[in-house]
Structures are given as structure tokens and as C-alpha cells.
Amino acid sequence: MSGVLNILFVGVGGQGAILASKILSHVALSKGWDVKLSEIHGMAQRGGSVVTQVRMGEIVFSPTIEAGDVHILVAFEKLEAYRWAHMLKKDGKAIVNDQRIEPLPVLIGAAKYPDSILDDLNSSIQNVTVIPALDLATEAGNAKATNVVLMGILAAHMDIPLERWQEALEAKVPAKLLEVNKKAFMAGYNFAVK
Amino acid sequence: MKALLTGNEAIARGAYEYGISVAAAYPGTPSTEILENISKYPEIYSQWSPNEKVAMEVGVGASIAGARTLVAMKHVGVNVAADPLFTAAYSGVRGGLILVSADDPGMHSSQNEQDNRHYAPFAKIPMLEPSDSQEAKDMVKLALEISETFDTPVLLRITTRIAHSQSLVELGEPMEREIKPYTKDAKKFVMIPAHARTRRVFLEERDAQLATFSEQSAANFVEMRQQSFGIITSGVSYQYVKEAFPQASVLRLGITHPIPKQKIMDFANEVDTLFVVEELEPYLENQIKALGIKVVGKDLLPPYGELSVSLLQKNLGAYLNVANPSVAVTTEQSNIMQEVQQPFTAPVRPPVMCPGCPHRGVFYVIKQLKLVVSGDIGCYTLGTMPPLEAMDTCICMGASISAAVGMEKANPELAGKLVAVIGDSTFMHSGVTGLMDVVYNKTAATIIILDNSITAMTGHQYHPGTGKTLMNEDSPTVDFAALAKSLGVRRVAEVDAFDLETVKKVIQEEVAAPEPSVIIARQPCALMLKGQTEAVVCEDCKACRVCLRIGCPALSFDEEGKTVVVNKPLCTGCNVCIQICKFGALRKGGA
């Protein structure tokens, strides 16, 4: 599977994982790579678990990523990072939004939200970046741009010029939201490189 | 120019480029986006039909009238459409006719898992299976050519991984759209027995001609590499094979009915060990075995769920290591064959009804009243999940009403505590005929139409009750109350789904009534209204937690502060929880 970069976006329905994967694939296309994306949406429109897989490289066959073969995991919510951590390669990177969205069994008291998520992730994964993406997005002017803050972090972990990401934002984000999204993206990028 | 498209978008693009003039469907995951994307091309007339049978019939009619036509549905939809499909196979086409079946191995969003490839030999029509988005587009062209050359509808069968995966597609210019001149041909299109018998013989001749075509078609191709082991495959499985065993020889079948028997025999003779890699049923495997060829398939691979690269490497690799050590898989591959352990335990995040969903309160009342619930297919099927758990059955589109008739006939005592719940779109799909049965066969069933004014679960498609068409034109709106009355229902009540007291009172009255009743519980889907009302507030909470029993994602309990907390960005201000709080702690926002 050499030569293919596997990136997994995980989050909760409504958080914008699907837009994020579209931005990333636009970036990959601008590099002239082959790209495949796979997303599955199920019954619920909001609040369910969402997973989007992006594979890029010279030539990509399977649209899906095998467990243990993810290079970068981008988790829009920390419990989802926990749930999908096993997908990472041994030396894979995890980018984790420190946001807590309680699933229904937790809300109604039928299950407990684990307290030690970030410690556990840090102790078992070599390369974890935890980011208060919701706060950064809110500061940038729109809490809904959390997904783009995370794209800024991802950009800092990938060897692709910033202009390419900016172009992708221009192509994929509605014009009236472009400025705030560009700000959110840079907030994420600067958080990662400082 | 190349674009990154899902298989569904690619099929829509193919419809645009290759001269489709009419397209019809009923929305169903994973097929929905085919028509949504076709509707972006104004050159094509596109529509949502109330169900798949109607969509298929619209397609057959358009084809008879001379248009290239596409009909799309999910796998279970083909069951609904099977009746016209099987006869359309006899009458054939005038303009090319494609039926897209989007199957769902693994049941990501379906009530069963079925391999619709079996429909092709059953109906005696050819079938194409693309392996990525580019082929999904290309095969629209191939399907139309086959359809018009061989006078047959063509089944274009995809799966969720083709429908919802994006890969690169070369975009082309649209060809001229033409309608073939209409001429009456009753012997071909009026399937009375005398005519059908002639066509029955034609079906066999056509199948034989198609078999020859399949032998020669470039859609069935061989990639010869190692001779020690070869793999016959189709659909997305081809991609898994290419990645799992780059050294293997491959026969990829793009036409999977009729299969190219000679090509398969030739390939089998070239390789030492032959596998069939296919998701779900041993569809190809059984046909290949019937040719007297020794193949390994479902001995190693499950007849359910999706395949994956690692599953192939593990199961086929292990077999090869034992059966044929000389072609043992490489170390690099065997690394992937190791099981990956899940290091953490995370509480599940099941699908939930959205905050502000108008179905939530109705289900809360139904649960309070301890009613038996005959359910149906839609967002409200989630009423079966904790904490509401207000559903006893869910079979298929429209079955809530008809199953309720059966339950009541079998056990008359149930009449006093049974309701059927069905959404507005599902009621249009196939609830209406069930309701006729309710009245005609004199039951006392109570039907609750959960009317959120849209086909919500598949992502907000219009239907005959919404006043809009797929092409965004205004249209007349079905009046559910008047419709129910015209079918003979005398007791019809309309309630505000958020007014729990009235909902409860009306349900009690109607369940008790010794005749059919229809209750229409109305409020639009929460995702269609944005920021119209203030979020609820919670003050002086008594920590009884009763409000948590409605399972609203916007409500949680703070153990330390001993108070319920409202998640403001999530709360839509539907105020259902306010009506449940006995202490008046939950209040309208801003009040």
C-alpha cells in the first residue's frame, strides 16, 4: 500500500466532516494525485457517528482504509478519536478536537463518557495534537468553522503549500463565509506551527 | 476536464452526457443522489414518484414514447418495482431504459441485505456492474447502447461503496437528446397472453445474443499477471482485489448477466488456483461452478456484509499459504493480515432523532399510553431506540398500516391498544393502499401520520404532499385529511405534534373508537427551520430527570450541579420538554 496517504475524518453528524474531506480532496487534486473518498451516512441526519475516508496518491484502488493503516486521524470530537484510534498506523498522527459531544446513552444516564480520553490517547499514540478547535473557531467569528480550524491543523502536518489550501477553501466554501473560514483555517494552522 | 464524483453523481453525469430525457425515482439510501443530481440538468425531465413501482412504470412509458430513460432505486425498491420490471423485460424498449439498483451490503441504512444481481437472470435482462465512478458514467452509455441494440431494459447494479465513494471522472460534452418517433406497436407493448408468448421466445433468443455480446465486450477484461493464481471479480470487489493482490491475474466482469462463459473457461485454464471474489451471494461462483470449473469463493468469504482488502488478504492469503505455498503472500501483505485491536472502549453513539424533531413528543405519549406500535420506514423508526422504545414492528415501506390490520384480525384484543405510525412520504409511497384495506375490511385501526412535510431521512426530498416537484416547480398538495375521508375513514383528526396534551387526548379517543381513525400529527422537520425560536432555559431544577426520558440531544444532566442543562446551540425551542417538566423548571427562552 506504499505511496497512498490515508486520512480518516471522524466526528458527529452536523460537524462538517464531509465538507472537510472535500476541501482536502481538492488540495490533493491540485497536486495531480489520484483521490478516492468514501463516506457512509446512515439513518440519523444529526448526532450520529460520521466517518469519512480520504485516500490519495499516484494510483488508488480501494475506496476504503484498512484498520491500522491510517496515516492521519482527524477527530472532530474526542470520544470519536477514542472510538477510531485503532485505525491508526503505529506511527500515525492523531489530530483531536477537544470538544465533548455526549452521545444519547450518556445524556440519558445509560452510559458514562470516559474522563481520561486525552490522557489515554497521549499515552498510547505517539503523535497526538489536541486542539480547542471550537474556541478557535468562535474567536475567528463562527463556531461552525470548527471543521476548517481542524483543516488548518492538518495543513500544518502535510507538506503542501498554504496557497493550495487557500484555493481549496475558495472553491469549496460559500463566498459569504469565505473570510471567516480563512481566518479559522489560519487560526488552526498557527496553533499547530507555533 | 476531470472531476471528483461519487458513483451516484457519475451516473447522473452519464445521464446528461448520453442523452437521457426522462428520469424517475423514489428516494432511498444509497440511491437518492442520482436523481438529485440529474435534477441539476434542466435538459432532463426528472421526478420523484410516490414509490418505485410508479417510477418504473413512468420509465417504461417514457421509453415506449421514444426517450432514453433512467429509473433509480435502492435494493428493496426493486422488490416494489419488480412487477412492471418483469413485464418490461418482455415488451422491451424504444428509447434505451436503465434501471439502477443501489444495493447496500452491510446494511448501512437498510432493513435487509439482498443481492439484486439475482434480479437479472430472474427477469432475463442484462446487468452491468461498475467498479468506480468513471465506469459508473461509462456504463450509462454502454447500458443505453445494449438496451437499444437488444431491445431490453438494462440493470445497472451498484453498491453503497460505488454510490457514495468519490473518484475521478473525465467529463465530456452532452450528446444531442432525441426522442424516437412514436408508432403504435401493440404486439410489442400490449402484453396480452397471445403477444407475451411471442415475446417469451424472444427473451431466450435475446439472452443468447447478449451472451455472445458479453464474450466480446471490453467491459469484461483480463489482466494477466502471475499464472499461479487468478481471481474473477466484479463491482467494488475489483478494487479490493487490485490492492490486496497486485501480483494476481484478474478477470474483471463488468457484464455480470449474461456472463461470458468462454472467457471464463479460457481464464480458468490459464491459472493454477482460481478464486471468485464477490460481495454477498455466490452469484458468479455458482454459475462458474456450473461450467464445471473448480473455484474457491464463499468457502473463504462471508455471504454477508462488505469485503475489504484485509479480509481478502487474510482469508485468501491463508488458503494460498496452505494450498499453494509457492504463491504465498508477501510479508508486507501479511502485516496487514494481523488483527487490529481496539484499545479503548467508547460508549456507542447510536443514530438519534434530531433536536426539535416533531416525532419525539408523539412517541413519548405513545410510550406513556403503553400502546402496541406497528411501525414503518423513516426517521421515526428511531422511535424504537432507548429511551422511547415505542415501536413493535418495522417491516418495509407502508407495512405499518397493513400489518396493523393483520395484527388486529389475528388478535382482536389488540384493537384497543394498537396504533400504526407512518411518515407522510411513506404514507404516499404505499400507505394509502393499506388504509383502503383498513376501511374495506372493517378494522378499528388507528393510523398516526407523522407529517413533517418532507421525505426527511434521505435528506429532504419532495413528495405529492409537499407542493413542490424535484424540478422545483409548484404543484398541488395532497390533503391527507380529505384523502383519508375519501377512502372511507370517518374519524380524521389533525393535531399539532408539539401539543402533547392534545396529542394524548386524541390518541386515547381514537384508539378507543371502534372504527378506523387517522390522526395527522403535524410539524415540519426540525432541520428545515433554522433559528426561529429561542432555546429553552432550565431554572430551579428538581433533578427528577423526567425530561431526559424524551431522549433529546439538547438536554443533559449535570451531576455536580444537580441540574438539567440545555445545550443552547442544539435546542430549537420546540418546547416539548417544557410540557413534561412537572415543576415548571424548564421554561421558554426569553420568558
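Residues numbered from 1 in each chain as written. Chains lettered and ligands numbered in written order. Predicted model: local features only at pLDDT ≥ 70, side-chain atom pairs only at ≥ 80, totals over all residues. Heavy atoms only, no water.

- Identification of chain B as Indolepyruvate oxidoreductase subunit IorA from Heliorestis convoluta is taken from an unreviewed UniProt entry.
- For chain B, the Subunit (unreviewed entry) comment in UniProt is given as "Heterodimer of the IorA and IorB subunits." (UniProt positions renumbered as here; feature names shortened; annotations may be inferred.)

- Going by an unreviewed UniProt entry, chain A carries the name Ferredoxin oxidoreductase, beta subunit and comes from Heliorestis convoluta.

Digging into the overall build of chain B
Here's step 1: Within chain B one finds 20 helices and 22 strands.
Here's step 2: Computed over C-alpha atoms, the radius of gyration of chain B comes to 27 Å, within 12% of the 25 Å expected from 2.2 N^0.38 for 591 residues, which places it in the range of a compact globule.
Here's step 3: Considering only C-alpha atoms, chain B reaches an extent of 80 × 65 × 50 Å along its principal axes.
Here's step 4: A burial count over chain B gives 61% of its 591 residues as buried.
Here's step 5: Considering only contacts within chain B whose residues lie at least 6 apart along the sequence, 74% involve residues at least 24 apart.
Here's step 6: Accessible area of chain B: about 23100 Å², with a carbon and sulfur share of 54%. (Helix = DSSP H or I, 4+ residues; strand = E, 2+ residues; numbered from the N terminus. Rg over C-alpha atoms; globule rule 2.2 N^0.38 Å. Buried < 20%, exposed > 50% of the residue type's maximum accessible area, 1.4 Å probe, protein only. Contact = heavy atoms within 4.5 Å. Areas by Shrake-Rupley, 256 points an atom, 1.4 Å probe, with all protein chains shown as cover.)

What to know about the overall build of chain A
Here's step 1: From N to C terminus, chain A includes eight helices and six strands.
Here's step 2: Start at the N end of chain A and walk to the C end: the helices and strands fall as β-α-β-β-β-α-β-α-α-β-α-α-α-α.
Here's step 3: Its C-alpha atoms give chain A a radius of gyration of 16 Å, within 12% of the compact-globule value 16 Å for 194 residues.
Here's step 4: C-alpha atoms of chain A, sized along the principal axes, occupy 50 × 40 × 35 Å.
Here's step 5: Counting the 194 residues in chain A, one finds 56% classified as buried.
Here's step 6: Across chain A, the 19 positively charged side chains and the 20 negatively charged ones have centroids separated by 4 Å. (Lys, Arg positive; Asp, Glu negative; His and termini not counted. Charge placed at Lys NZ, Arg CZ, Asp CG, Glu CD.)

Quick notes on the interface of chain B and chain A
Here's step 1: Tallying the contact residues gives 53 residues for chain B and 53 residues for chain A.
Here's step 2: Between chain B and chain A, a total of about 4500 Å² is buried, with carbon and sulfur atoms accounting for 64% of that surface.
Here's step 3: Inspection of the chain B/chain A interface yields three salt bridges.
Here's step 4: The salt bridge partner of R349 of chain B is E80 of chain A, with a shortest N-O separation of 2.5 Å. (Buried area = accessible area lost by both parts, 1.4 Å probe. Salt bridge = Lys/Arg side-chain N within 4 Å of Asp/Glu carboxyl O.)

Considering the UniProt feature "binding site: [4Fe-4S] cluster 2" (unreviewed entry) in chain B
Here's step 1: The feature "binding site: [4Fe-4S] cluster 2" (unreviewed entry), as annotated in UniProt, sits at C552, C571, C574 and C577 of chain B in this numbering. In summary, the annotated positions, though distributed over 26 residues, converge in three dimensions, the widest C-alpha pair being only 10.7 Å.
Here's step 2: Checked against the element boundaries, C552 of chain B lands in the loop between β19 (537-538) and β20 (555-558).
Here's step 3: With near-sequence residues (within four places) excluded, C552 of chain B lies in contact with L104 and L107 of chain A together with P355 and R360 of chain B.

Points about the packing of aromatic side chains
Residue and element names in this part refer to chain B.
Here's step 1: Counting across every chain of the model gives twelve aromatic pairs over all chains.
Here's step 2: Here the aromatic rings of F86 and Y119 are separated by 6.1 Å at their centres, their planes lie at 75°, and the arrangement is edge-to-face. Residue F86 is found in helix α4 (residues 75-91), and its partner Y119 is found in helix α5 (residues 119-123); the two are separated by 33 residues along the sequence.
Here's step 3: Considering the side-chain rings of F229 and F245, the 5.5 Å spacing of their centres and the 85° angle between planes classify their relative orientation as edge-to-face. Placement of the pair is F229 in strand β10 (residues 226-233) and F245 in the loop between α10 (237-244) and β11 (248-252), with a sequence separation of 16 residues. Summarising the burial analysis for this pair, F229 and F245 share the class buried.
Here's step 4: In this structure an aromatic cluster arises from ring pairing among F229, F245, F275 and Y319.
Here's step 5: One residue, R252, lies across the ring of Y238, its end atom 5.6 Å from the ring centre. (Phe/Tyr/Trp six-rings, centres within 6.5 Å; stacked < 30°, edge-to-face > 60°. Lys NZ or Arg CZ within 6 Å of the ring centre and 35° of its normal.)

Quick notes on the nonpolar core
Across soluble globular proteins, nonpolar side chains show a tendency to be buried alongside one another.
Residues and elements named next belong to chain B.
Here's step 1: Within the largest apolar cluster, 73 residues are counted, with the highest numbers of intra-cluster contacts made by F363, I366, I447, I448, I507 and L555.
Here's step 2: Per-element accounting of this core gives the leading share, six residues, to helix α17 (residues 424-440).
Here's step 3: Looking at which domains feed residues into this core, each of domain 3 (358-522) and domain 4 (537-587) supplies at least three.
Here's step 4: Among the nonpolar cores identified, the runner-up in size contains 61 residues, and M139, V169, A219 and L300 belong to it. (Core = buried A, V, L, I, M, F, W, Y, C linked by side-chain atoms within 4.5 Å. Domains from an automatic or database assignment.)

Side note on the sheet that holds strand β3 (residues 45-48) of chain B
Residue and element names in this part refer to chain B.
Here's step 1: The sheet built from seven strands is open, its strands ordered β3-β2-β4-β5-β7-β6-β12 with mixed pairing. Each of the sheet's edge strands pairs with one partner strand only, and the pair in question is β3 and β12 (255-257).
Here's step 2: Bridge count between strand β2 (residues 20-25) and strand β4 (residues 68-74): five bridges; the pairing is parallel. Paired with A24 across the two strands is V71, which belongs to β4.
Here's step 3: The strands that helix α3 (residues 52-64) touches are β2, β3, β4 and β5 (97-103); relative to β4, the one it contacts most, it runs at about 170°. (Pairing = 2+ DSSP bridges. Axes fitted to C-alpha atoms, helices over the stretch in contact; angles between N-to-C directions.)

A closer look at the UniProt feature "binding site: [4Fe-4S] cluster 1" (unreviewed entry) in chain B
Residues and elements named next belong to chain B.
Here's step 1: Within the UniProt annotation, "binding site: [4Fe-4S] cluster 1" (unreviewed entry) is assigned to C541, C544, C547 and C581. Spanning 41 residues, the annotated positions come together in the fold, the maximum distance between their C-alpha atoms being 10.7 Å.
Here's step 2: For C547, a relative accessible area of 6% corresponds to the buried category.
Here's step 3: Within the secondary structure layout, C581 lies in the loop between α20 (576-580) and β22 (586-587).
Here's step 4: By relative accessible area, which is 16% here, C581 ends up buried.

What about the sheet that holds strand β8 (residues 165-170) of chain B?
Here's step 1: Strand order in the open sheet formed by eight strands is β6(A)-β5(A)-β4(A)-β1(A)-β3(A)-β2(A)-β8(B)-β1(B), and the pairing between neighbours is mixed. Each edge of the open sheet carries a strand with a single partner, namely β6 (127-131) of chain A together with β1 (2-6) of chain B. Neighbouring strand axes in the sheet, compared pairwise and without regard to direction, differ in orientation by 20° on average.
Here's step 2: Bridge analysis of strand β2 (residues 34-40) of chain A against β8 of chain B gives two bridges, and the strand direction is antiparallel. Bridge pairing in β8 of chain B places S38 of chain A opposite S165 of chain B.
Here's step 3: Packing against the sheet, helix α1 (residues 7-17) of chain B makes contact with β1 and β8 of chain B, and its axis sits at approximately 120° to β1 of chain B.

Here we look at the domain arrangement of chain B
All names here are of chain B.
Here's step 1: Looking at chain B, the domain boundaries give domain 1 (2-177), domain 2 (220-320), domain 3 (358-522) and domain 4 (537-587).
Here's step 2: When each unit is reduced to the centre of its C-alpha atoms, the spacing between domain 1 and domain 3 is 31 Å.
Here's step 3: Of the residues lining the interface, 20 residues belong to domain 1; the matching set on domain 3 comes to 17 residues.
Here's step 4: Summed over both sides, the interface of domain 1 with domain 3 buries roughly 1400 Å², with 62% coming from carbon and sulfur.

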